[in-house]
Amino acid sequence: APAAEQTSFTTPHPILGDLKVRQALSYCTNKADLIKSVYPLLNEEQQASLVMNTFIPRAHWAYAGDENVTVYEYDPAKGAALLDEAGWTLQEGADFRTNAAGDQLSLKFTTTSAAFRQTWAAIWEAQMAECGIQVIRLHAPASWWFGDTTGLARRDYELGAFAWVGQADPGGQTLYACDQIPLPENGWAGQNAMGWCNELASTNIKLANNTLIKDDRIAAYTIVQQEFTKDVPSIPLFNRTETFAASADLTGFAPTPGQEYYNYNVQEWAKAGSDTVILGF
């Protein structure tokens, strides 16, 4: 049978398909400054606690640990060296890097028009420029970016940013398994919009979600995170904060990282002198 014809959905991106470029983007990203731009009222310790190294928060039971994954600390010099190795050099007097063919290192970056994202995206654009990477920002309506037949759902972007509501479990199979890549031939099913297919990671993300033995799950998630940080299919930036408020005399109210909803322990709530608790959304 003739070989299957490659399409734009199976051919690696001409720039981002190079691992060294993806690693360089990671090293050129100063996550601390991104967090400061949107959470200026938090102290430095609180800001630092929001930094993500993998797709699982560092305080989560399934996090592999810094010592078990590749951590991309902010190091623009290392990022620049990787870009040089990848053939993207910065000519004297130029603002952005070019390759041997004279093509400019330019990437389109899509996210929503929310003020929160415009704030940190402007900082990130400047960080990339310091490494000689031109980022062209497109702040699209959320209805297009998250639409059923547009944006992320159709993998219609080069670089993209969005928030993901984490699960307490923490799941991940639809995001990282090889058979979850949305394609025309599978009706765009799955949420692996990055098109990342690493067989070892794919096998272990399924294992992690199909056993009840916690130690086995931790081991499987560790392998997935190791492969994830090695391949850099995406760059986790930071956790979003959530704010909850309650009456001062409400006891048992304890929002906890890793719990998907703040009312996970509502059966423990009590209010002195009352048999009714009113929830506001």
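Scroll up for the structure.
Residues numbered from 1 in each chain as written. Predicted model: local features only at pLDDT ≥ 70, side-chain atom pairs only at ≥ 80, totals over all residues. Heavy atoms only, no water.

Chemist: Run through the nonpolar core, naming residues and quoting values.
Modeler: In this structure, Phe109, Trp120, Trp124, Ile133 and Phe238 are the most contacted members of the largest nonpolar core, which totals 32 residues. At the level of elements, α1 (19-27), α2 (31-38), α4 (76-85), β1 (106-112) and α5 (115-130) are the ones that each hand at least two residues to this core. Residues contacting Trp124, with those up to four places away along its chain left out, are Thr29, Leu34, Phe109, Val135 and Leu159. Counting 17 residues, the second largest nonpolar core, distinct from the first, contains Ile56, Tyr63, Ala64 and Val224. (Core = buried A, V, L, I, M, F, W, Y, C linked by side-chain atoms within 4.5 Å. Buried < 20%, exposed > 50% of the residue type's maximum accessible area, 1.4 Å probe, protein only. Helix = DSSP H or I, 4+ residues; strand = E, 2+ residues; numbered from the N terminus. Contact = heavy atoms within 4.5 Å.)

Chemist: Could you give an account of α1, with specific residues and numbers?
Modeler: For α1, a buried count of seven out of nine residues is recorded, marking the element as mostly surrounded by other parts of the structure. Three or more residues of α1 are buried, namely Val21, Arg22, Gln23, Ala24, Leu25, Ser26 and Tyr27. The inward-facing, buried residues of α1 abut α4, α5, β3 (159-160) and α9 (214-231). Among the residues of α1, the N-terminal cap falls to Asp18, whose side-chain oxygen and the backbone nitrogen of Lys20 are separated by 2.9 Å. (Polar contact = N/O pair within 3.5 Å; in protein donor to acceptor, adjacent residues only side chain to side chain.)

Chemist: An account of the sheet that holds β3 is needed here, citing residue identities and associated values.
Modeler: Strand order across the open sheet formed by three strands is β2-β1-β3, with parallel pairing between neighbours. Two strands in the sheet have a free side with no partner beyond their single neighbour: β2 (134-140) and β3. (Pairing = 2+ DSSP bridges.)

Chemist: Explain the state of the cysteines residue by residue, including any values.
Modeler: Taken as a whole and judged by the stated rule, the model has two disulfides. With a sulfur-sulfur separation of 2.2 Å, Cys178 is cross-linked through a disulfide to Cys197. Looking along the S-S bond of the Cys178-Cys197 disulfide, the torsion reads about 100°, which is the right-handed sense. Of the two residues, Cys178 is situated in the loop between α7 (173-176) and α8 (199-208) and Cys197 in the loop between α7 and α8; the sequence distance between them amounts to 19 residues. Here Cys197 falls in the partly exposed class, since its relative accessible area comes to 43%. Bonded cysteines in the protein are paired 1-2, 3-4 when counted in the order they occur along the chain. (Disulfide = S-S within 2.5 Å.)

Chemist: I'd like a rundown of α8, residues and numbers included.
Modeler: Within α8, the full set of buried residues consists of Ala201, Ser202, Asn204, Ile205 and Ala208. Check the buried side of α8 and you find it contacts α7 and α9. For α8, the side-chain oxygen to backbone nitrogen distance between the N-cap and Leu200 is 3.1 Å, and the N-cap itself is Asn198.

Chemist: If you had to explain the pairing of β2 to someone new, which residues and values would you point to?
Modeler: Bridge analysis of β1 against β2 gives seven bridges, and the strand direction is parallel. For Ser106, the partnering residue across the bridge sits in β2 and is Gln134. In this view, the connection linking β1 to its parallel neighbour β2 by way of α5 has right-handed handedness. (Right-handed = clockwise from strand over helix to strand, strands pointing away.)

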